[in-house]
Number of protein chains: 2
Amino acid sequence: MKTLSESRCFGGTQGVYSHASEVTGTQMTFGLYMPPHPTGAVLWYLSGLTCTHENAMTKAGMQALAAEAGLAVVFPDTSPRGDAVADDDAFDLGQGAGFYVDATKGPWAQHFKMESYITEDLPETVFAAFDLDPERQAVTGHSMGGHGALTLAMKHQGRYRSVSAFAPICNPSVSDWGRPQLTAYTGTTEPHDATLLLEDRGLDAPLMIDTGLSDQFWDKLGTEAFLAALVRTRTPAEIGLRDGYDHSYFFVSSFAAAHVAFHAEHLA
Amino acid sequence: MKTLSESRCFGGTQGVYSHASEVTGTQMTFGLYMPPHPTGAVLWYLSGLTCTHENAMTKAGMQALAAEAGLAVVFPDTSPRGDAVADDDAFDLGQGAGFYVDATKGPWAQHFKMESYITEDLPETVFAAFDLDPERQAVTGHSMGGHGALTLAMKHQGRYRSVSAFAPICNPSVSDWGRPQLTAYTGTTEPHDATLLLEDRGLDAPLMIDTGLSDQFWDKLGTEAFLAALVRTRTPAEIGLRDGYDHSYFFVSSFAAAHVAFHAEHLA
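The name that an unreviewed UniProt entry assigns to chain A is S-formylglutathione hydrolase, with the source organism given as Jannaschia seohaensis. The Catalytic activity (unreviewed entry) field of the UniProt record for chain A holds the comment "S-formylglutathione + H2O = formate + glutathione + H(+)". The UniProt entry for chain A carries the following comment under Function (unreviewed entry): "Serine hydrolase involved in the detoxification of formaldehyde."

If you want it as structure tokens, here you go:
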């Protein structure tokens with residue numbers, strides 16, 4: 001692991017690091033915020049379409065709250081990158097759009113292994129390099145990253161003590177943000193659809209979701225289907241439908257405090 | 001004035017607007033955060049080299065605190081822009097590097113009127129469009145914007161009720177970030193040097209400054225000279241020399257709460 005930069009931030013350290021990932025076969029960059037008085041607990045923040053490790057690290061406003069709670073926050077990239085890595089002209093396919101699945105199809109199969117990256121390779125690197133507690137992990141994410149948080153939590157039950165999402169894509173089987181990409185990567189959508197996974201497997205961790213009612217991508221999120229599934233499956237959840245908020249980081253940062261507090265409580 | 005976007009943020013509205021500026025002769029873009037319960041008080045946030053209206057708006061973390069304090073925050077651009085506007089290949093001269101002065105020299109004289117823009121044109125537009133109180137203005141800024149905050153406050157005594165700066169350039173006459181640019185724009189540096197202005201005119205508003213002791217641009221800031229001038233002139237100030245912090249927004253956001261609270265107190 002190589003240190004690209006470290007900046008003091010709210011008394012802790014906002015670092016940017018790179019490492020060679022075995023599963024993606026590429027060099028991967030990630031951000032990690034280490035609070036001034038770490039408790040060992042760690043929150044994974046999965047970002048949305050077009051984002052790198054950097055966007056949430058600079059815009060989501062997590063550090064002030066993580067510093068108070070003693071929580072480390074990891075900001076992974078959203079896909080493998082590089083000239084040798086498959087890509088597409090569309091912003092929502094290929095580099096910057098990994099959708100947190102392991103691709104098995106076409107040109108994507110070689111490097112796009114984001115599920116394994118987030119749940120195996122990156123944790124291995126992080127827990128080897130930093131004094132953090134693998135028994136106290138939580139996951140959150142925004143948009144495509146909210147899809148990642150929900151689906152990885154359900155695919156890897158027991159790994160995350162709490163789960164949250166900001167404006168998650170949560171019924172991708174019927175969304176332009178999901179169906180084309182998951183089909184291109186894996187040939188199917190159902191196993192990667194939070195609504196269907198919830199009906200199929202349930203979720204054994206506390207859940208918090210916030211979505212803006214003025215989200216300009218509302219039609220792509222599938223919020224209604226996911227809420228219906230929560231009700232049908234009697235899954236405990238704290239759900240905020242937020243008047244006037246859109247899909248931007250102005251929305252995410254407005255509710256970041258509540259999400260960090262939620263995770264801190266369950267990681268204590 | 002044209003609305004480019006409005007996003008709900010901490011219960012208020014983060015807007016981006018554009019207007020035709022008479023003094024710069026260009027279309028100018030600015031951000032304005034309106035808190036949910038505005039008191040009418042307004043804080044001007046002047047950004048640093050290479051920044052547009054957007055950087056601080058998305059990275060400085062001012063909105064959460066401004067929302068609590070009922071403070072509006074304006075995020076102006078750092079220079080006129082456009083194909084017809086003079087520029088230079090250097091990142092620290094021309095577009096993105098207005099240095100908050102009115103240029104009188106060379107190709108810059110036509111559009112680079114940032115002192116007049118920040119103190120005349122933009123306030124006129126803002127106070128016409130928003131229900132804010134011209135009697136309750138404060139100013140802050142980062143790096144080149146800290147230079148702007150300090151010098152504009154001293155050149156326009158009585159305008160700002162309180163003044164603060166994050167890692168300001170405060171002795172530009174002897175800095176690579178100041179001497180070449182102020183000379184190119186105005187043929188001189190002394191009238192635009194916060195240290196010299198302080199000795200010459202003093203400052204009649206409460207002052208807060210924070211600078212990181214690991215600032216990678218420490219040599220360009222002139223912190224020592226300015227602190228010496230504060231002492232010599234017996235100017236009241238709250239000064240933070242912050243262990244381990246660098247020049248980034250990770251530093252700015254870490255101390256944003258203290259600056260907003262400082263201004264809110266003096267604008268109350």
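Having seen the model, we can carry on.
## Observations concerning the overall build of chain A
Regarding its fold elements, chain A presents nine helices and nine strands. Taken over C-alpha atoms, the radius of gyration comes to 17 Å for chain A, in line with the 18 Å a tight globule of 268 residues would show. Here the C-alpha coordinates of chain A stretch approximately 45 × 40 × 30 Å along the principal axes. Per-residue burial over chain A gives 62% buried out of 268 residues. Considering only contacts in chain A between residues 6 or more positions apart, those separated by 24 or more positions represent 71%. Carbon and sulfur atoms make up 48% of the accessible area of chain A, which totals about 9,700 Å². Averaged over its 16 positive side-chain charges, chain A has a centre that lies 2 Å from the centre of its 32 negative ones.

## Quick look at a nonpolar patch on the surface
Together, Leu213(A), Ile239(A) and Leu241(A) line one region of the surface with nonpolar side chains, adding up to about 250 Å² of accessible area. Summarising the element assignment, Leu241(A) is placed in strand β9 (residues 238-242).

## Regarding the side chain of Thr26(B)
Residues and elements named next belong to chain B. Topologically, Thr26 is positioned in the loop between β2 (12-20) and β3 (27-34). Looking at Thr26, the relative accessible area reads 10%, which means it is buried. Those residues in contact with Thr26 that sit more than four places away from it in its chain are His19, Ala20, Ser21, Pro80, Arg81, Val85 and His111.

Rules of the game
- Residues numbered from 1 in each chain as written.
- Chains lettered and ligands numbered in written order.
- Predicted model: local features only at pLDDT ≥ 70, side-chain atom pairs only at ≥ 80, totals over all residues.
- Heavy atoms only, no water.
- UniProt positions renumbered as here; feature names shortened; annotations may be inferred.
- Helix = DSSP H or I, 4+ residues; strand = E, 2+ residues; numbered from the N terminus.
- Rg over C-alpha atoms; globule rule 2.2 N^0.38 Å.
- Buried < 20%, exposed > 50% of the residue type's maximum accessible area, 1.4 Å probe, protein only.
- Contact = heavy atoms within 4.5 Å.
- Areas by Shrake-Rupley, 256 points an atom, 1.4 Å probe, with all protein chains shown as cover.
- Lys, Arg positive; Asp, Glu negative; His and termini not counted.
- Charge placed at Lys NZ, Arg CZ, Asp CG, Glu CD.
- Patch = residues over 30% accessible without salt bridge, like charges linked within 9 Å, V, L, I, M, F, W, Y side chains within 5 Å.
- Salt bridge = Lys/Arg side-chain N within 4 Å of Asp/Glu carboxyl O.

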